[in-house]
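Below, each chain spelled out in residue letters.
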Amino acid sequence: MILVTGPTGYVGRRIVTALASRGYPFRCLIHTPSRSSFLQLQNVETVEGDIMNPNSMVAALRGVDTVIHLVAVIRKKGGSNFERVNHLGTRNTLKAAKEAGVKRFLHASTIGAADYPSISYLHSRWLGEQEVINSDIPFTILRFSLGFGEGDEFFNVLAALVKALPVVPVIGNGKARFQPIAVEEVAECFVRAYEDSSTIGKTIEIGGPEYLSYEEIIDLISQTLNIRIAKVHVPVTLVRPLVKVMEVLTPHPPVTSEQLKMLKIDNITKLDAVEKNFGFRPMTIQGKLDYIKKISYLDALKMNLGVMPT
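Here's what I pulled together on the structure shown here. Throughout this description, residue numbers start from 1 for each chain and increase along the sequence as written. Totals for whole chains, interfaces and linings use all residues, but because this is a predicted model, local features are given only for residues with pLDDT of at least 70 and pairs of side-chain atoms are given and counted only at 80 or more. Here the side-chain values reflect all heavy atoms present in the structure, with hydrogen atoms and water set aside.

With that out of the way, let us pick up the overall build of the protein chain. Only DSSP runs of H or I covering at least 4 residues are called helices, and only runs of E covering at least 2 are called strands; the numbering of each starts at the N terminus. On a plain count of helices and strands, the protein chain comes out with 12 helices and 13 strands. Expressed as lengths along the three principal axes of its C-alpha atoms, the size of the protein chain is roughly 55 × 40 × 40 Å. Relative accessibility thresholds used throughout: buried, under 20% of the residue-type maximum; exposed, over 50%; partly exposed, between the two (1.4 Å probe, protein chains only). Residue burial in the protein chain is summarised as follows: out of 310 residues, 53% are buried. All accessible areas in this document rest on Shrake-Rupley with a 1.4 Å probe, and a residue is counted as covered only by the protein chains that are shown. Here the protein chain has roughly 14,300 Å² of accessible surface; of this, 54% comes from carbon and sulfur atoms. Side chains of the protein chain give 35 positive and 30 negative charges; the mean places of these two sets differ by 3 Å. In this tally, Asp and Glu contribute negative charge and Lys and Arg positive charge; neither His nor the terminal groups of the chain are included. The location of each charge is read from NZ of Lys, CZ of Arg, CG of Asp or CD of Glu.

Turning our attention to the packing of helix α6 (residues 155–164) against helix α12 (residues 297–304). The N-to-C vectors of α6 and α12 enclose an angle of 110°; their axes lie 8 Å apart at closest approach. Overall, the two elements α6 and α12 adopt an arrangement that is roughly perpendicular. Relative to α12, the crossing made by α6 is left-handed. Two secondary-structure elements touch here, α6 through Asn-156, Val-157, Ala-160, Leu-161, Lys-163 and Ala-164 and α12 through Tyr-297, Ala-300, Leu-301, Met-303 and Asn-304. Each residue receives one of three labels: charged for Asp, Glu, Lys and Arg, nonpolar for Ala, Val, Leu, Ile, Met, Phe, Trp, Tyr, Cys and Pro, and polar for the others, Gly being one of them. Looking at side-chain class alone, the contact of α6 with α12 contains eight nonpolar, two polar and one charged residues. With axes taken as lines fitted to C-alpha atoms, and helix axes fitted only over the stretch in contact, angles between N-to-C directions fall between 0 and 180 degrees. An angle below 35 degrees is read as roughly parallel, one above 145 as roughly antiparallel, one from 65 to 115 as roughly perpendicular, and any other as oblique. Rotating anticlockwise by less than a right angle from the far helix to the near helix defines a left-handed crossing, while the corresponding clockwise rotation defines a right-handed one. The contact rule is simple, with two residues in contact once any of their heavy atoms fall within 4.5 Å.

With that settled, consider the pattern of salt bridges. Any two side chains of opposite charge can pair, on the condition that their charged atoms come close. A carboxyl oxygen of Asp or Glu within 4 Å of a side-chain nitrogen of Lys or Arg is what we treat as a salt bridge. The final tally for this structure, using the stated rule, is 17 salt bridges. Glu-150 serves as the salt-bridge partner of Lys-294, at 3.1 Å between the closest nitrogen and oxygen. Of this pair, Lys-294 sits in the loop between α11 (273–278) and α12 while Glu-150 sits in the loop between β7 (147–148) and α6; the two residues are 144 residues apart in sequence, bridging distant segments of the chain. With a relative accessible area of 40%, Glu-150 lands in the partly exposed category. The salt bridge involving Lys-293 is made with Asp-290; its shortest N-O contact spans 3.4 Å. Asp-290 gets classed as partly exposed once you look at its relative accessible area, which sits at 45%. A single network of salt bridges, built from pairs that share partners, joins Arg-22, Glu-188, Arg-192 and Glu-195.

Tracing the sequence through the fold places Phe-190 in helix α7 (residues 183–195). On the basis of relative accessibility, which here comes to 1%, the residue Phe-190 falls in the buried class. Along the backbone, Phe-190 and Ile-141 are 49 residues apart, and their C-alpha atoms lie at a distance of 9.4 Å. Not counting the four nearest positions on each side in its chain, Phe-190 is found in contact with Ile-15, Ile-68, Leu-70, Leu-106, His-107, Ala-108, Leu-142 and Phe-144.

Written out as structure tokens, the structure reads:
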């Protein structure tokens, strides 16, 4: 039996679908029942629990031999900060899993996770990885680059900028590189890692088949939307005060202070990483962004004002 934490998230929904399509027995840990309508439609077994409270996970872990741990936050919101969720939440999940006799732990992380205290998000993901590595449970860590697909909060947010603004700001020099990978293929890598015992004890990085700079991604989005744009490079030092204000005044700012820091860092791994580790070649992003066309002009305005549409 597999337990999936974070099954209603962007990656989690795809992993649930992939596991179900293969007929694997699994259940989903639900923190907020109101967000579980997708799982109810899939007729998936669910149980309530909270990774911040290991005792609440006893029922969820009963009979479980493998945990796929996906819970993480990339934005601070209320008590859900990086240290609390990405680091301590992982520690709590491992503690509960160990007490339940779990024999395998698959952990989602991100390319760039490192011992960088100055970048809180990446540091918290690294600390979470260290908890996994230092546990007594056989583990696999999958670090992945930027995911694209229906519901993502990167390409859709940039599409809102392109759609709503007469001049699109390019933060910094726009040269930071990304390696976009389809979110369904991220899910496929997780399932194949579960199926392949040779991945135990490894930290594996995955990404798509090409590198794109931040500015090239903006150009690709404008081409997809068939909108001719003017661009202006804006120094991070000028953007930072505005971002801080939006973080205070809006529920979902289009960019956060932590994301500004990460725009200085390449988010890439080897181009053949997926093929080498999981035996298939991931799809290119070219021609795969049509979902951003669903954003209306009103949606775009809301997103630029810090309100994310459903």
